[in-house]
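# Structure at a glance
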Amino acid sequence: MKRELVLGLWVLCAAAGAAGCAKKAPPPAPPPMVVVASVIQKDVPVYGEWIGTTAGDINAQIRPQITGYLLRRVYAEGGFVRPGQLLFEIDPRQIRAQLQQAEANLGQGRANLAKAERDVARYRPLVEQRAISQQDYDNALSAEQVAKAAVGALQAAVDQARLYLSWTRVTSPIGGIAGAATAQVGDLVTPQSVLATVSRVDPLRVLFQLSEQEYLRYGQSGAQGAAQPAAAAPRIGQLELVLSDGTVFPHPGRLIFTDREVDVKTGTIGAVGLFPNPGNLLRPGQYAKVRAQTGVDRGALLVPQRAVAELQGGFQVAVVGPDHKADVRNVQAGQRIGSLWVIERGLHPGERVVVEGFSRAKSGTVVRPVESPAQSAAAAAAAAPGGTAPTPPAPPAPPSGK
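Residues numbered from 1 in each chain as written. Predicted model: local features only at pLDDT ≥ 70, side-chain atom pairs only at ≥ 80, totals over all residues. Heavy atoms only, no water.

## Overview of the confidence of the model for the chain
Taken residue by residue, the chain gives an average pLDDT of 83. The fraction at 70 or more is 82%. At the low end of the mean pLDDT range in the chain sits helix α1 (residues 2–21), at 52; at the high end sits strand β5 (residues 86–90), at 96. Note on residues 222–232: pLDDT under 50 across the span, and 14 contacts to partners over four residues away in sequence or across chains. (pLDDT = per-residue confidence, 0-100. Helix = DSSP H or I, 4+ residues; strand = E, 2+ residues; numbered from the N terminus. Contact = heavy atoms within 4.5 Å.)

Rendered as structure tokens:
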């Protein structure tokens, strides 16, 4: 009896100790917080971009019209020159001597003509009085006509010598930027020598290439047709010029013409845009990107760029459904509009995408979505008719899941 009582007490103590030492189950972890933004649907302009180079509207090669030794260079290399401004001088001594000789010959010819005219005037009454033969009078008339013709030829020689003398002063045919001289003082130059090049850079041309498909698509929009002149250009909107440092040139341009043929090697056709260039800031030979509106994408879907993750050449977004479950989708991204990215396939209007915390939004995971005030304001501005989403500050580093 005593043994059974002790055994029962021991069992009760063991049970009580086990109950006191048992650990409580931890509460479930709260769903991870993510920042979301709504998909925006609106009409957005479609832009095309092409690589181009700048060129002068007119590029005049300065060549001498006579042969001679270069005496001096007058202009400042790289500076602006006016039409008719003196650029170079060629040694004029030989041409001046030729002019003096031509003028002397002309004086001799005029003297011969004066003598012939006096002979005719003296012979006219004598032939009427039959004091001289008709043949002598006819010879005097012929000599007068020969002397007149000789004076005309000698006058032309003088004019030509004066022209040659004026060509010793090489002037600019246009106003523009004069490049570096390619001939030095003392060089023997000929009409085949290029002394310098002057480029008119206001306005400035930009040369770029359109693909054959782009040319046909834009041309069929109504600007190019059988009734259009040969220089007509495809219908492309106002041109923008993006410089090599990423800045946009403040003066818009226009497409003035396309070339006459498609290059069979590249399948492209040359196009030329014209941009005003006050102050001659841009120079020929610069790299630039030409951008223009080519259409409108009706009802396009846009999301913040921070919502799009690039993975092995593809793009993904995390969508949060009404049940707060995340769904990671592969999407097809289009052009960028400011701080937004056009999604061509994979999303629907009104859905919410994760802009912060992408790594925490696993497919099927319940999350706690929080609307971003900045993204909500941007969405409201972009969704307004004709509105444009403001450019947000520089986005942080890609989501790390922290």
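Continuing now.
## A look at helix α3 (residues 134–166)
Helix length check: α3, at 33 residues, gives a terminal C-alpha distance of 48 Å against a target of 48 Å (1.5 Å per residue), a fit within 8%. On the buried face of α3, the contacting elements are α2 (93–128). (Expected span 1.5 Å × (residues − 1).)

## Observations concerning the packing of aromatic side chains
In total, this model carries five aromatic pairs according to the counting rule given. Both rings, one in tyrosine 164 and one in tryptophan 167, keep their centres 5.5 Å apart while their planes meet at 40 degrees; by these two values the pair is tilted. Since its relative accessible area comes to 27%, tyrosine 164 is described here as partly exposed. With relative accessibility at 23%, the residue tryptophan 167 sits in the partly exposed group. Aromatic rings pair up to connect Trp50, Phe208 and Tyr218 into one cluster. Above the face of the tyrosine 75 ring, arginine 73 is positioned so that its terminal group lies 5.8 Å from the ring centre. The ring of tryptophan 341 carries arginine 336 above its face, with NZ or CZ at 4.0 Å from the centroid. (Phe/Tyr/Trp six-rings, centres within 6.5 Å; stacked < 30°, edge-to-face > 60°. Buried < 20%, exposed > 50% of the residue type's maximum accessible area, 1.4 Å probe, protein only. Lys NZ or Arg CZ within 6 Å of the ring centre and 35° of its normal.)

## Comments concerning the packing of α2 against α3
Relative to each other, α2 and α3 sit at 160 degrees, their axes nearing to 8 Å. What the angle tells us is that α2 and α3 run roughly antiparallel. When you trace α2 past α3, the crossing you get is left-handed. (Axes fitted to C-alpha atoms, helices over the stretch in contact; angles between N-to-C directions. Parallel < 35°, antiparallel > 145°, perpendicular 65-115°, else oblique. Left-handed = near helix turned anticlockwise from the far one by under 90°.)

## A word on the nonpolar core
In this structure, Trp50, Phe208, Leu210, Ile236, Leu239, Leu241 and Val290 are the most contacted members of the largest nonpolar core, which totals 22 residues. Taken together, the elements giving at least two residues each to this core come down to β9 (196–211), α4 (212–223), β10 (239–243), β12 (268–275) and β13 (287–304). Of all the elements, β9 adds the most residues to this core, at five residues. In this structure leucine 210 touches Trp50, Tyr218, Ile236, Thr258, Gly267, Thr268, Ile269 and Ala271, once residues within four positions along its chain are discounted. If you look at the next biggest cluster of nonpolar residues, it comprises 19 residues, including Tyr75, Phe88, Ile95 and Ala178. (Core = buried A, V, L, I, M, F, W, Y, C linked by side-chain atoms within 4.5 Å.)

## Examining the environment of valine 319
Note that valine 319 resides in strand β15 (residues 314–320). Using a relative accessible area of 3% as the deciding quantity, one classes valine 319 as buried. In this structure valine 319 touches Lys325, Ala326, Asp327, Arg329, Leu347, Glu351, Arg352 and Val353, once residues within four positions along its chain are discounted.

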